[in-house]
Amino acid sequence: MRPPRKIPLRLLSDAVTQEGLVNKAQCDAAGLDKYAVGRLVKAGTWSRVTRCVYDTDPDPVERRRRDDYFEHVRRRAAWAGMLAVPDGIAVGACALALHRVAGLPARLVPEVARPDGEAARLGSEVVLRRYRSFPTVRYRGRRIAALVPALAQALPNLARDEGVAVLGSVLHQGFLDVSALGQVREMMGHRRGSVQALGWFPLASALDGSPAETAARLSCLDHGVPPDGQQVTFTLAGVFLARVDLVWRLPGGRYLVVEIDGRAFHSGQSMLADDSVRQNGLVGTDRLVMLRYPAAEALGAEGIGQDVATRLTALHWTPAAGLRGQVELGR
């Protein structure tokens, strides 16, 4: 077999902006014919993603190592759909991934819509949606659903914790405010799954700093121990100690604090040192009980709610919602 020919720089440039993917039309435009593409695939240099779409990264997706791995996988799914349909518009969860919304499933099915709503010949790996006309925005030379319609398209197809995390991410990052979510509700209309999804809106919180925090809060809510406060700052004699994720007020002026350790924010030796100083400052006051859970446990099927509920019962907690802002431990 002849060795694969050198890949044109123009095509490599396309791949860089498309999560490593290119399509047949781009190969043709760069002077790489179907025979050359076939040799690249047979040699294992490229791989076929779906009809007429190829991955130029020789490493299989599951073996890639990068800090933004899950974001990369989601964006890659969105690009696979858009490249499979020349005029395809990324919609639903794929559009949300390109809008940098957190909380989505780890793996997405490529989904696109066409401007004219017509059918297209696709590979089995891509879903073609037929939506009524909706606003779009430009994204690296392509069109994707604007944030409001993308939310309305995606939410009915998500699980509860994912849907609430997505809404929380949009609010937390300031992409939309609470009033704008009313537009999302209206646009959802009577789509399949929308009735259930509409019930998630009151559960969304702009204070959720990550999907893991959302999952932790919802698990506590499910087990009858909703937090008394979120993102509460603790000070001692006016000196800042820490801002914590979830807080419950206990008898005798004490507090139970739950921290969710996310990989992105609690990894590496410097971060571990910072966390230990932070934790020692809090528990050293003798007025706080601190629980720390890894993000994986918060996001797991069982969640943390049962454990937190058991500990709160032992500490004689009673609900005291409305704990906000700053708590001075020196008083």
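What counts and what doesn't
- Residues numbered from 1 in each chain as written.
- Predicted model: local features only at pLDDT ≥ 70, side-chain atom pairs only at ≥ 80, totals over all residues.
- Heavy atoms only, no water.
- Pairing = 2+ DSSP bridges.
- Helix = DSSP H or I, 4+ residues; strand = E, 2+ residues; numbered from the N terminus.
- Axes fitted to C-alpha atoms, helices over the stretch in contact; angles between N-to-C directions.
- Buried < 20%, exposed > 50% of the residue type's maximum accessible area, 1.4 Å probe, protein only.
- Contact = heavy atoms within 4.5 Å.
- Parallel < 35°, antiparallel > 145°, perpendicular 65-115°, else oblique.
- Left-handed = near helix turned anticlockwise from the far one by under 90°.
- Nonpolar A, V, L, I, M, F, W, Y, C, P; charged D, E, K, R; others polar.
- Phe/Tyr/Trp six-rings, centres within 6.5 Å; stacked < 30°, edge-to-face > 60°.
- Lys NZ or Arg CZ within 6 Å of the ring centre and 35° of its normal.
- Core = buried A, V, L, I, M, F, W, Y, C linked by side-chain atoms within 4.5 Å.

Student: For this particular structure, what's the right way to read the sheet that holds strand 2 (residues 47-50)?
Tutor: Where strands meet in a sheet, backbone hydrogen bonds hold them as pairs that are either parallel or antiparallel. The three strands are arranged 1-3-2 in an open sheet whose pairing can be described as antiparallel. Each edge of the open sheet carries a strand with a single partner, namely strand 1 (21-23) and strand 2. Ignoring strand direction, the axes of neighbouring strands in this sheet form an average angle of 35 degrees. Summarising the sheet, strand 2 and strand 3 (residues 53-55) pair through three bridges and their orientation is antiparallel.

Student: Hey, could you run me through helix 6 (residues 147-154) in this one?
Tutor: Burial runs high along helix 6: eight of the eight residues are buried. Among the residues making up helix 6, those that are buried are L147, V148, P149, A150, L151, A152, Q153 and A154. Next to the buried residues of helix 6 lie helix 5 (92-98), strand 8 (142-145), helix 7 (160-172) and helix 8 (178-188).

Student: Just to check I follow, could you spell out the packing of helix 6 against helix 8 for this structure?
Tutor: Interaxial distance between helix 6 and helix 8 falls to 8 Å at its minimum, and their mutual angle equals 50 degrees. Comparing the axis directions of helix 6 and helix 8 gives the class oblique. Of the two elements, helix 6 crosses helix 8, and the hand of that crossing is right-handed. Where helix 6 approaches helix 8, its residues V148, P149, L151 and A152 are matched on the opposing element by Q183, V184, M187 and M188. Its residues placed into classes, the contact of helix 6 with helix 8 shows seven nonpolar, one polar and no charged.

Student: Help me understand the sheet that holds strand 13 (residues 326-328), please; the structure alone is not making it clear to me.
Tutor: Strands sit in the order 12-11-10-9-13 across an open sheet of five strands; the sheet is mixed. The open sheet terminates on both sides in strands that have one partner only, identified here as strand 12 (288-294) and strand 13. In this sheet, neighbouring strand axes are inclined to one another by 45 degrees on average, regardless of whether the strands run parallel or antiparallel. The pairing of strand 9 (residues 229-236) with strand 10 (residues 239-250) spans seven bridges and is classified as antiparallel. Directly across from T233, in strand 10, lies its bridge partner R243. Contacting strand 9, strand 10 and strand 11 (254-261), helix 10 (residues 211-222) crosses the sheet at an angle of about 30 degrees to strand 10. Relative to the sheet, helix 13 (residues 305-314) contacts strand 10, strand 11 and strand 12, its axis offset from that of strand 12 by approximately 170 degrees.

Student: Even after reading the chapter, I still don't get the packing of aromatic side chains, so can you show me in this structure?
Tutor: What characterises a pair of aromatic rings is the spacing of the ring centres plus the angle enclosed by the ring planes. The final tally for this structure, using the stated rule, is five aromatic pairs. Between the aromatic rings of Y69 and F70, the centroid separation amounts to 5.2 Å while the plane-to-plane angle is 75 degrees, which identifies the pairing as edge-to-face. For the ring pair Y131 and F134, a centre distance of 6.2 Å and an interplane angle of 85 degrees mean the geometry is edge-to-face. The ring of F201 is capped by R185, whose NZ or CZ atom sits 5.1 Å from the centre of that ring.

Student: Help me understand the nonpolar core in this model?
Tutor: Soluble globular proteins: nonpolar side chains tend toward being buried together. Counting residues in hydrophobic clusters, the biggest one holds 53 residues, and the most contacted among them are L96, L98, L151, L155, L176 and V184. Going through the elements one at a time, helix 4 (69-84), strand 4 (89-90), helix 5, strand 5 (111-113), strand 8, helix 6, helix 7 and helix 8 are the ones with two or more residues in this core. Top contributing element to this core by residue count: helix 4, with seven residues. Excluding residues that lie within four positions of it along the chain, L155 makes contacts with G163, L167, V184, M188, A197, W200 and F201. Within the second largest apolar cluster, 19 residues are counted, among which are C220, L291, A295 and I304.

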